[in-house]
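A structural walkthrough
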Amino acid sequence: MKIAKPGKHGFDAARLAAIDTFLKDRYIDTGRLPNAQLLVARDGEIVHFSSQGSAREGGAGIDETSLFRIASMTKPITSVAFMMLLEEAKVALDTPLHHVLPEFKGVGVYAGGGGGVPFVTRRPAEPVRMVDVLRHTAGFTYSFQNRSNVDAAHRELKLENWHGTRDLDGFVAELGKLPLEYDPGTQWNYSVATDVLGAVVQRVSGMPLADFLHDRLFTPLGMDDTFFTVPEGKRDRLTDCYTLAPGKGRVMYDRADDSAWSRPFNLVSGGGGLVSTALDYHRFCRMCLNGGELDGARVLGRKTLELMTQNHLPGGQDLSQMSKSLFSETQNAGTGFGLGFAVTIDPARSMMPGSVGEYYWGGMFSTAFFVDPVERVDMVFMTQLSPSMTYPIRRELKTMIYAAMT
């Protein structure tokens, strides 16, 4: 891995180094995080790369080969896969979801019931369209929201159990029996929508989702360390994963030696199932920054990427106006949502330094990335602790990275 001189790319090297000290003092030495890996690049060239903390309990430190569960950082990748099919005119943003997944034909909007009582539904004002699935305005939810009778049904059915009995088709069939939480396009709720999008990619392409991503995205982009199931020969590079338990602090969530990610999932999650490295995800970010191309391999058109990274929330609203979600991977004010990414539409309202048009997302295990097409900068942050909103580390990193620009 080649590291460019920060000064040649408009960064203050001492200020970038101060981020590592900050991470060590606040998060690693205190035991708040098990590890921290930070990559900062400009114009595709890495200007800062650091690794701190151990890969496994009592083991060696993490390095550039370490594999991390990227959770919802899978979502932009699945969204790009859908847009590749859109470019082939096999599907469109205004295509009703049930045209591809007939399991959703006749789905209603919640009007009562649940909790042991049959659901009462009404006809939606508009059908769920592909744009709703991409921007989380379809009416779906997540089981961990703990907010409604619909997400309670998710928990009761164990709908999101990747190692359960349902595959992607079975998941879609069961989800299609549940009501939507609201009329499509009227609210924003973080949800299983991108898992549904993975099923769309599978049906439209005629290929299993994992195969489509491998053949059409990861291989052309040289992302050789990104997959749903960690290959046997790479399992020694997988890191331990932790969660915070009430009254107990940091406890093991998924031990690398016997990881759930070392066994194939029945339900392949386009919303959160991938494992990757910082260097691989940086290649994905470079492709985005380059307008859909990397090292001679074009996977997407430039104008398609521009479309994806605009705010698609109705009426130009931001998430603070539309979000009903108790859990998210983003600040709400000044933030719109595009086709698979959060998009900064007003840095002043977000109360963080940044650029209009910057796009980003994160994962449940506190991983994060952003791409700033104005400054030509991308950042990838890796660690393994859930839930992701425990610490304000994403805001802190973003603030310090922009503060290091000269």
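Above this note sits the structure.
To keep things clear, this report deals only with the structure shown in the data block. Given the structure is predicted, the values throughout are model-derived calculations rather than measurements.

This part takes up the sheet that holds strand β6 (residues 241-245). With mixed pairing, 3 strands are arranged side by side in an open sheet as β7-β6-β16. Either end of the sheet is taken by a strand with one partner, and the two such strands are β7 (249-254) and β16 (385-386).

Relative to strand β2 (residues 45-53), strand β1 (residues 35-42) runs antiparallel, the two sharing 8 bridges. Bridge pairing in β2 places Ala 36 opposite Gln 52. If you look at the hairpin formed by β1 and β2, you'll find 2 residues sitting between the two strands, and Asp 43 has a positive phi there, around 55°.

Turning to the packing of aromatic side chains, a few remarks are in order. In the structure shown here, the tally under the stated rule is 20 aromatic pairs. For the ring pair Trp 162 and Phe 265, a centre distance of 5.2 Å and an interplane angle of 80° mean the geometry is edge-to-face. Note that Trp 162 is positioned in the loop between α5 (149-157) and α6 (168-175) and Phe 265 in the loop between β7 and β8 (275-276), a separation of 103 residues in sequence. A residue is classified by how much of its surface remains accessible, and Phe 265, at 9% relative accessible area, is buried. Aromatic rings pair up to connect Tyr 142, Phe 144, Trp 188, Tyr 190, Phe 337 and Trp 361 into one cluster. Lying across the ring of Trp 261, Arg 69 places its NZ or CZ 5.3 Å from the centre. When the ring centre of Tyr 242 is taken as origin, the NZ or CZ atom of Arg 250, which lies over that ring, is 4.4 Å away.

Quick look at the pairing of strand β4 (residues 109-114) now. Examined bridge by bridge, β4 and strand β5 (residues 117-122) share 4 bridges and lie antiparallel to one another. Paired with Gly 112 across the strands is Val 120, a residue of β5. As consecutive antiparallel partners, β4 and β5 are separated by 2 residues, and within that stretch Gly 115 has a phi angle of approximately 65°, a positive value.

Turning to the side chain of Ser 350, a few remarks are in order. In this fold, Ser 350 is placed in helix α12 (residues 347-350). By relative accessible area, Ser 350 is classed as buried at 7%. Reaching out from Ser 350, the side chain makes a polar contact with the backbone oxygen of Pro 347 at a distance of 2.8 Å.

Mapped onto the elements, Arg 56 comes out in the loop between β2 and β3 (68-69). Within polar-contact distance, the side chain of Arg 56 engages the side chain of Asp 257 at 2.6 Å.

All right, on to the pattern of salt bridges then. Applying the stated rule across the entire model yields 27 salt bridges. Asp 254 serves as the salt-bridge partner of Arg 69, at 2.9 Å between the closest nitrogen and oxygen. Of this pair, Arg 69 sits in strand β3 while Asp 254 sits in strand β7; the two residues are 185 residues apart in sequence, bridging distant segments of the chain. Here Arg 69 matches Asp 254 in class, with each residue buried. With a shortest N-O distance of 3.1 Å, Arg 203 and Asp 169 are connected by a salt bridge. With Arg 203 in helix α7 (residues 193-205) and Asp 169 in helix α6, the pair connects residues that are 34 residues apart, well separated along the chain. The exposure class assigned to Arg 203 is partly exposed, which follows from its relative accessible area of 31%.

So, on to the sheet that holds strand β15 (residues 377-382). Spatial strand order, β2-β1-β15-β14-β13-β12-β11: 7 strands in an open sheet with antiparallel pairing. Edge positions in the sheet fall to β2 and β11 (335-337), since each of these pairs with one other strand and no more. Put simply, the sheet's adjacent strands are angled 15° from each other on average, direction ignored. Helix α9 (residues 278-289) contacts β1, β2, β13 (359-362), β14 (368-372) and β15 of the sheet and is inclined by roughly 155° relative to β15.

In contact at an axis separation of 10 Å, α6 and α7 are set at 125° when each is read in the N-to-C sense. Classed by the angle they form, the pair α6 and α7 counts as oblique. Where α6 crosses over α7, the handedness of that crossing is left-handed. Between α6, through Leu 168, Asp 169, Phe 171, Val 172 and Leu 175, and α7, the contact on the second element is made entirely by Asp 195, Val 196, Gly 198, Ala 199, Gln 202 and Arg 203.

So, how was this worked out
Residues numbered from 1 in each chain as written. Predicted model: local features only at pLDDT ≥ 70, side-chain atom pairs only at ≥ 80, totals over all residues. Heavy atoms only, no water. Pairing = 2+ DSSP bridges. Helix = DSSP H or I, 4+ residues; strand = E, 2+ residues; numbered from the N terminus. Phe/Tyr/Trp six-rings, centres within 6.5 Å; stacked < 30°, edge-to-face > 60°. Buried < 20%, exposed > 50% of the residue type's maximum accessible area, 1.4 Å probe, protein only. Lys NZ or Arg CZ within 6 Å of the ring centre and 35° of its normal. Polar contact = N/O pair within 3.5 Å; in protein donor to acceptor, adjacent residues only side chain to side chain. Salt bridge = Lys/Arg side-chain N within 4 Å of Asp/Glu carboxyl O. Axes fitted to C-alpha atoms, helices over the stretch in contact; angles between N-to-C directions. Contact = heavy atoms within 4.5 Å. Parallel < 35°, antiparallel > 145°, perpendicular 65-115°, else oblique. Left-handed = near helix turned anticlockwise from the far one by under 90°.

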